[in-house]
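Inside the fold
Chain by chain, the residues:
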Amino acid sequence: YDIPTAKYKNFTDANEAIAYVESLDIDGGDRQVVKASGLAAGKGVLLPTTKAETIDAVKEIMSDRAFGDAGDTCVVESFMTGPEASCLAFCDGKTAVLMPAAQDHKRALDNDEGLNTGGMGAYAPAPCVTPDLQKEIEAMCIKTVQKMAERGTPYVGVLYAGMMLTPNGPSVLEFNCRFGDPETQVVLPLLETDLYEVFCACCDGTLEEVDVRFKENTSAATVVCAALGYPEKYPKGMEITGLTEANAISGVKVYHAGTYLDNEISRCSGGRVLAVTGVGPSLKDGLSASYNAVRKLAFVGSNGDGLMHYRTDIAKGAINKKLRIGVLGSTRGTALIPVIEACANGTLNAEIVAVVSNKSKTQILDKGKALGVTVTTKFVSSKGLSREQYDAECTSVLVGAGAEYILLI
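Our next topic: the packing of helix α1 (residues 14-23) against helix α2 (residues 51-63). Between α1 and α2, the least distance of the axes is 10 Å, while the angle of their chain directions is 165°. One finds that α1 runs roughly antiparallel with respect to α2. Here α1 and α2 pass one another in a crossing that is right-handed. Listed contacts from α2 to Ala 14, Ala 17, Ile 18, Val 21 and Glu 22 of α1 are Lys 51, Thr 54, Ile 55, Val 58, Lys 59, Met 62 and Ser 63.

Here it is in structure tokens:
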């Protein structure tokens, strides 16, 4: 259906999968990802870097059955590069409405180190998904729902689209039929429309009639509090203290996952125990609220030991992201060259995301195109437009590209 995704093959026989891997030039750069096709608690994706590791990954899933029945079918697909985003959409069998994009942290330890987990934290909206990318991804979700309806398998519910933002545009990593965890804990707090109304519209096939709105100028971040040792062997039964104090912080909600009540005492019963979400006018504010609440919590063992683990770098990349520069110009763009060089060598923690000109043939547009396909370059004609109309057109292009700072050249 022309929905961008990686080249892939499915296998139900381990020997066939290994033979396919053997035929690829993996050590020459054709790196592959190996996945268990079924549900594997968010852990069924292996990222080998060599041919030998890729064969071992196939054996782990299919022969060793590391993920049980989830590995009955094994997927071997081309490795894609770029930021990854979780994009959830409400679906009514005919169309789809995309929620704000989220990004989660899978690795157990800071700096994306350690073992893969079901998710140690998340934040939304993800700054890497610009308004233009949001529209493009929503169009892909709508097309997916429409094509499913055409083939007689209409989909109603939440479509989870794992997207890779490649240098050539967004590409689907996977589709899931569910909300994501911990993404849901940062997306739903941003929903302004009544969730019950949205669900009813999905069930009734009337989603287009509902104004699904999300809060503007609001961000959410969640930090997962896990039992020490997770995702490997970890203790259970610890008393959870500080819940009242954490929930009392403005903008904070503590979601329970692996807990149970023991004579009015909350105790741990799983690996990922709590998800602590903070909401605020900016990502930095939401994150601060979340971590302030996390610091109120403790998992206390029978001998008084603290047995709680959490990552301290949730959303660090988004908080420290590069400044997104939009350029307005009608010249040869000579003055833009030092900015391009400073962005390239790291002197300036920024990136050029859009170049707009009122001239169709000018070197400044050529310089923008030379930066790659991810940079929006556009000629906006002022012919027949008032100053206000022309300004609005240029602004629309720059905002769509996610520009935060405008450079006039």
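What follows continues from the structure just given.
Turning our eyes to something else, we now look at the pattern of salt bridges. Going through the model one piece at a time under the given rule, you end up with 14 salt bridges. A salt bridge links Arg 267 to Asp 262; its shortest N-O distance comes to 2.8 Å. When salt bridges with common partners are traced through the structure, they connect Arg 65, Asp 69 and Asp 72 into a single cluster.

Here the focus is the side chain of Ser 290. Among the structural elements, Ser 290 can be located in helix α7 (residues 283-294). Here Ser 290 falls in the buried class, since its relative accessible area comes to 0%. Setting aside its immediate chain neighbours within four residues, Ser 290 contacts Ala 221, Thr 222, Val 223, Val 252, Val 276, Thr 277 and Gly 278.

Attention now goes to the pairing of strand β2 (residues 32-36). Side chains on a regular strand alternate between the two faces of the sheet. Burial analysis of β2 places five of its five residues in the buried class, the great majority of the element. Sheet analysis places β2 next to strand β4 (residues 74-78), joined by five bridges and oriented antiparallel. When the bridges of β4 are listed, Val 34 appears paired with Val 76. Here β2 pairs with strand β3 (residues 45-46) via two bridges, running antiparallel. Bridged to Val 34 within β3 is Leu 46.

A word on unusual backbone geometry. Excluding glycine, residues mostly carry a negative phi; peptide bonds, for their part, are mostly trans. Cis geometry is found at the peptide bond from Ala 124 to Pro 125, where omega equals -5°. Along the chain, the position of Pro 125 falls in the loop between β10 (121-124) and α3 (131-150). Looking along the chain, the bond that leaves Tyr 230 and enters Pro 231 is cis, with omega of 10°. The residue Pro 231 is located in the loop between β13 (219-227) and β14 (239-241) in this model. Positive phi values are uncommon outside glycine, yet Asn 217 reaches one of about 50°. Looking at the secondary structure, you find Asn 217 in the loop between α5 (195-204) and β13. Using a relative accessible area of 66% as the deciding quantity, one classes Asn 217 as exposed.

With that settled, consider the packing of aromatic side chains. Under the criterion given, the structure shown has four aromatic pairs. Residues Phe 11 and Tyr 20 carry aromatic rings whose centres are separated by 5.4 Å and whose planes lie at 40° to one another, so their mutual orientation is tilted. A relative accessible area of 8% means that Phe 11 is categorised as buried. Relative accessible area serves as the criterion here: at 11%, Tyr 20 is assigned to the buried category. Each ring, one from Tyr 230 and one from Tyr 234, has its centre 6.2 Å from the other, and the planes form 65°; the classification is edge-to-face. Using a relative accessible area of 28% as the deciding quantity, one classes Tyr 234 as partly exposed. Here the guanidinium or amino end of Arg 31 rests over the ring plane of Phe 79, the centre of that ring lying 3.9 Å away.

Our focus in this paragraph is α3. With 20 residues, α3 ought to run about 28 Å at 1.5 Å a step, and its terminal C-alpha atoms sit 29 Å apart, in line with that. Residues Leu 133, Ile 137, Met 140, Cys 141, Thr 144, Val 145 and Met 148 constitute the buried set of α3. The buried residues of α3 all sit within an arc of 130° when viewed along its axis, so they share a single face. Exposed residues pointing more than 90 degrees away from the buried face of α3 are listed as Lys 135 and Glu 150. Where α3 is buried, its residues touch β5 (84-92), β6 (96-98), β11 (156-166) and β12 (169-176). Backbone geometry just downstream of α3 places Gly 152 in the positive-phi region, at approximately 90°.

This next bit is on the sheet that holds β5. Spatially, the four strands line up as an open sheet ordered β6-β5-β11-β12, and their pairing is antiparallel. Of all the strands in the sheet, the pair left with one neighbour each is β6 and β12. Strand-to-strand twist across the sheet, computed as the mean angle between neighbouring axes with direction ignored, equals 35°. Summarising the sheet, β5 and β11 pair through nine bridges and their orientation is antiparallel. For Cys 87, the partnering residue across the bridge sits in β11 and is Ala 161. Against the sheet, α3 contacts β5, β6, β11 and β12, and its axis sits at roughly 155° relative to β6.

Thresholds applied
Residues numbered from 1 in each chain as written. Predicted model: local features only at pLDDT ≥ 70, side-chain atom pairs only at ≥ 80, totals over all residues. Heavy atoms only, no water. Axes fitted to C-alpha atoms, helices over the stretch in contact; angles between N-to-C directions. Helix = DSSP H or I, 4+ residues; strand = E, 2+ residues; numbered from the N terminus. Parallel < 35°, antiparallel > 145°, perpendicular 65-115°, else oblique. Left-handed = near helix turned anticlockwise from the far one by under 90°. Contact = heavy atoms within 4.5 Å. Salt bridge = Lys/Arg side-chain N within 4 Å of Asp/Glu carboxyl O. Buried < 20%, exposed > 50% of the residue type's maximum accessible area, 1.4 Å probe, protein only. Pairing = 2+ DSSP bridges. Phe/Tyr/Trp six-rings, centres within 6.5 Å; stacked < 30°, edge-to-face > 60°. Lys NZ or Arg CZ within 6 Å of the ring centre and 35° of its normal. Expected span 1.5 Å × (residues − 1). Arc of directions from axis to C-beta.

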